[in-house]
Amino acid sequence: MTLAPVLLLAGGLHALAFAPGPLPAGLLAPFQVALLAVLAWAVWRAPTPGRAAGYGWIFGFAHFLVGLYWIFISLYVYGQMNLALAVLGVFVLAAGLAVFPALAALTTHWLVPRPRLAASKPSGSFESLTWRFVLAWSVCWALAEWLRGTVFTGFPWLNVGYAHIDSALAGWAPVLGVYAVAAAAAASSALVVGVVQHWRQADPWRWRGLLALALLWGVGLGLAQNPWGVRATGEPLALRLVQGNVSQSAKFDPNLIVDALERHVAMAGQPTEVPEFRPQAVILPETAIPVFQDQLPVPLWQPWRDVAGYWGGTLVAGIALHTPGGDGTSRYTNSVIGFDSNVSPFALIQGNVPWRYDKRHLVPFGEFVPPGFRWFVNAMFMPMGDFDRGDLWQPPFELGDQRVAFNICYEDIFGEELLPRLHPGPDGEPGATILANVSNLGWFGDSWALRQHLQMARMRSIETARPSVRATNTGITAVIDRRGDVRQALPAHEPGVLDIEVQGTTGLTPYARWGNLAILALLWLSAGWLAWRRVAKGRG
């Protein structure tokens, strides 16, 4: 029987493990491990490395096609792309991303060739091959995830580590990051395969495999209890997060821009439900002001200053900035600005604000055009694009007693890129105590993208032991504590404000200190040992 239909089904179902709904949160992790075990079993039994790679590609293609279906919404519904081209674009993306699980499967099979099963009780060499397969599968899968998150600017969405936000394996994240969680998840799937295989042979290895599985998860659970020297600092920061719920079709419509601005201003200044609560900062989502700052006339800037003055605090909003250069050139950035009522409208028009963050990791096709793909971008409606990148180091916003490091859109799926701003700056400035993301996921409708993005934001808080806040246009606006738990969230696709106090933290987890250096060193050393063993001793 061909394995292709089984792997297509397993890969498609695997995509359900990356956010609650339809599965409950508690089932995501075991569901992910069980379905990845289907692919691991196929690779284990594959007759050749090429066949193993084919199995990995089929599984990965279904996985990405189902898990990233929402990209079609951005291309066709809001990007107004031709239907056939939009469908083709999603299929080509899934096919391209499937190369990475195919690479993991091929490399694993080469490192640990197909075992020769004894007719009755497995031999000692078979037991050794099982351990090597477990190690090879976890190493190759994690390295493939890292490559996918790095090459061509990277796209680490649906990394298997994100299926384990609520599992014991998340305890590995503050030590070695999400790629360590991915390695542990892959190792778990390979151990499941090994236990089942040895169980059929009534071999004692099955108990050792179960013990290894228990240790892997048990150590993760223990690591999650360690605070890693991170502690609360300063007074909690009172925040208002605004979710305007402006539909993507109306957001950049010239006839509706003023209406959207008035909606955001009204929500930013509406009375709180708790009389004594006064936000020290009001945070609005990405491109809450959907024009360049110098396109907004003085009368339309004044209400924003009035809101900041009403609360006596800082107003923070996403906006595109046009910054003329002295040599006649200009910079265009997707930015976040912070200002109070003391900043004049004329300074705002010029982009002279106390606090500013320019997005650094730009979205291909949406914010910059990869070489050779101008025709593809021209085939859809894109109101803003071709932005310049922000600087590597940009100081956190000082809000109350806290220092808030902002990121925009999908920047928070690149965990290692957030870490420099947790460290002291070049002049000794203190690092960030709170992470903040502003996004506009209106491009993706009411899809899994919103919940998947929230899961990844939770991983960033687990890795860094920093609370994080999210102000989004259509959802999911939320506050996440230092352990990655969602303290409070607004329903998606409903307008609302979230008034809450957030306690910042200081100190660095091991992952915040080392970044991906430690896990990559372990993975590459392990891969090197396996390769040496393969070349030096053949099938062992």
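Let me begin by describing the structure that accompanies this report. (Residues numbered from 1 in each chain as written. Predicted model: local features only at pLDDT ≥ 70, side-chain atom pairs only at ≥ 80, totals over all residues. Heavy atoms only, no water.)

Brief notes about the overall build of the protein chain
Operational definition: The helix and strand labels rest on DSSP assignments: H or I over at least four residues marks a helix, E over at least two residues marks a strand, and numbering proceeds from the N terminus. Radius of gyration: C-alpha atoms only; globule rule: 2.2 Å multiplied by the number of residues to the exponent 0.38. Type-normalised accessible area, obtained with a 1.4 Å probe on protein chains alone, sets the label of each residue: buried when under 20%, exposed when over 50%, and partly exposed for intermediate values. Throughout, a contact is declared for two residues whenever any of their heavy atoms are within 4.5 Å. Values of accessible area rely on a 1.4 Å probe in the Shrake-Rupley scheme; residue burial ignores everything except the protein chains shown. Counted as positive: Lys and Arg. Counted as negative: Asp and Glu, with His and the chain ends omitted from the count. Here the site of a charge means atom NZ of a Lys, CZ of an Arg, CG of an Asp or CD of a Glu.
For the protein chain, the count of helices and strands is 19 helices and 15 strands. Against the 2.2 N^0.38 benchmark of 24 Å for 540 residues, the protein chain shows a C-alpha radius of gyration of 25 Å, consistent with a compact globule. Taking the principal axes of the C-alpha coordinates as reference, the protein chain spans close to 85 × 55 × 45 Å. Sorting the 540 residues of the protein chain into buried and exposed places 58% on the buried side. For the protein chain, long-range pairs separated by at least 24 residues make up 75% of all intrachain contacts whose partners lie at least 6 apart in sequence. In the structure as shown, the protein chain presents an accessible area of about 21,100 Å², 63% of it carried by carbon and sulfur atoms. One way to put it: in the protein chain the 37 positive side-chain charges average out to a point 18 Å from where the 35 negative ones average out.

Re the sheet that holds strand β12 (residues 478–480)
Convention followed: Note on pairing: DSSP must find at least two bridges between two strands before they are called paired. Working convention: axes come from line fits to C-alpha atoms, limited for helices to the stretch in contact. Angles between N-to-C directions cover 0 to 180 degrees.
With respect to topology, 6 strands assemble into an open sheet ordered β8-β9-β10-β11-β12-β13, the strand pairing being mixed. Either end of the sheet is taken by a strand with one partner, and the two such strands are β8 (397–399) and β13 (486–489). When the angles between neighbouring strand axes are averaged without regard to direction, this sheet yields 25 degrees. When strand β9 (residues 402–408) meets strand β10 (residues 434–439), the two strands line up parallel, connected through 5 bridges. The partner of V404 across the bridge, within β10, is I434.

Some remarks on the side chain of R403
Selection rule: A side-chain nitrogen of Lys or Arg and a carboxyl oxygen of Asp or Glu constitute a salt bridge if their distance falls within 4 Å. Identification of polar contacts relies on pairs of N or O atoms within 3.5 Å, with a donor-acceptor requirement for protein atoms, meaning one able to donate a hydrogen and the other able to accept it, and with residues adjacent in sequence counted only if both atoms are side-chain atoms.
Along the polypeptide, R403 turns up in strand β9. Despite being buried, R403 has no salt bridge partner; E398 is the closest side chain of opposite charge, sitting 6.5 Å away. Within the structure, the side chain of R403 is placed 2.7 Å from the backbone oxygen of G431, a separation counted as a polar contact.

Here we look at the side chain of S461
Positionally, S461 belongs in helix α17 (residues 448–464). According to the relative accessible area criterion, S461 is buried, its value standing at 0%. Polar contacts involving the side chain of S461 include one to the side chain of S468, which spans 2.9 Å. Beyond its immediate chain neighbours, meaning those up to four positions away, S461 contacts R466, P467, S468, I480, D481, R482 and G484.

Remarks on the layout of surface pockets
Stated precisely, the cut-off is as follows: Here a cavity denotes a set of grid points, spaced 1 Å apart and computed over the protein atoms alone, in which a 1.4 Å probe fits but from which it cannot get out, and a pocket denotes an open set meeting protein on both sides within 12 Å along at least five of seven lines; residues with an atom within 4 Å of a point are reported as lining. Grid points are joined across faces, edges and corners, and a volume is the space filled by probe spheres set on the points. Each residue is assigned to one class: nonpolar for Ala, Val, Leu, Ile, Met, Phe, Trp, Tyr, Cys and Pro, charged for Asp, Glu, Lys and Arg, and polar for all the others, Gly among them.
In this model, the largest pocket occupies a volume close to 1,500 Å³. Looking at the largest pocket, it is lined by 46 residues, and the ones nearest its centre are L93, V363, P364, F365 and G366. If you list the elements that add at least two residues to the lining of the largest pocket, you get α4 (71–78), α5 (83–97) and α15 (374–378). Examining the composition of the lining of the largest pocket, we find that 8 residues originate from one element, α5, more than from any other. Grouping the constituent residues of the lining of the largest pocket by class yields 33 nonpolar, 10 polar and 3 charged. Empty space within the second largest pocket amounts to approximately 380 Å³.

Some details on the nonpolar core
Filter applied, for reference: Here the nonpolar core consists of buried residues drawn from Ala, Val, Leu, Ile, Met, Phe, Trp, Tyr and Cys, with membership extended through side-chain atoms lying within 4.5 Å.
Counting residues in each nonpolar core, the largest one holds 132 residues, and the members touching the most others are L39, L68, W70, W137, W157, I283 and F406. In terms of residues, this core owes the most to one element, helix α9 (residues 178–200), which gives 14 residues. Those residues within four positions of F406 in sequence are excluded, and the remaining contacts are I283, V316, V336, Y357, F397, R421, A436 and V438. I257, V291, V307 and L315 belong to the second largest nonpolar core, which has 29 residues in total.

Let's talk about the packing of aromatic side chains
For the record, the criterion: The rule is short: rings of Phe, Tyr and Trp, with Trp giving its six-membered ring, pair when the centres are within 6.5 Å, and they are stacked under 30 degrees, edge-to-face over 60, tilted in between.
Following the criterion strictly, the structure yields 17 aromatic pairs and no others. Measuring from centroid to centroid gives 6.4 Å for F133 and W137, while their planes differ by 5 degrees, and the two rings are stacked. Of this pair, F133 and W137 both sit in helix α7 (residues 124–148), 4 residues apart, which is roughly one turn of that helix. For the pair formed by F133 and W137, the shared burial category is buried.

Things to note about a nonpolar patch on the surface
What counts, and what does not: Excluding any residue in a salt bridge, patches collect residues exceeding 30% relative accessible area, merging like charges within 9 Å and nonpolar Val, Leu, Ile, Met, Phe, Trp and Tyr side chains within 5 Å.
A cluster of nonpolar side chains, Y76, V77, L83, V87 and F91, forms an exposed patch at the surface whose accessible area comes to about 410 Å². If one sorts the elements of the nonpolar patch by residue count, α5 sits on top with 3 residues. Within the element layout of this structure, L83 appears in helix α5. For L83, a relative accessible area of 45% gives the class partly exposed.

Some remarks on empty space enclosed by the protein
One pass over the structure, following the stated rule, counts 7 cavities of 30 Å³ or more. The volume enclosed by the largest cavity comes to roughly 80 Å³. Along the wall of the largest cavity there are 13 residues; nearest its centre are F64, P101, W141, E145 and R148. Breaking the lining of the largest cavity down by element, the ones donating at least two residues are α3 (49–67), α6 (99–111) and α7. Looking at the lining of the largest cavity, its residues break down into 8 nonpolar, 3 polar and 2 charged. Estimates place the volume of the second largest cavity at around 60 Å³.

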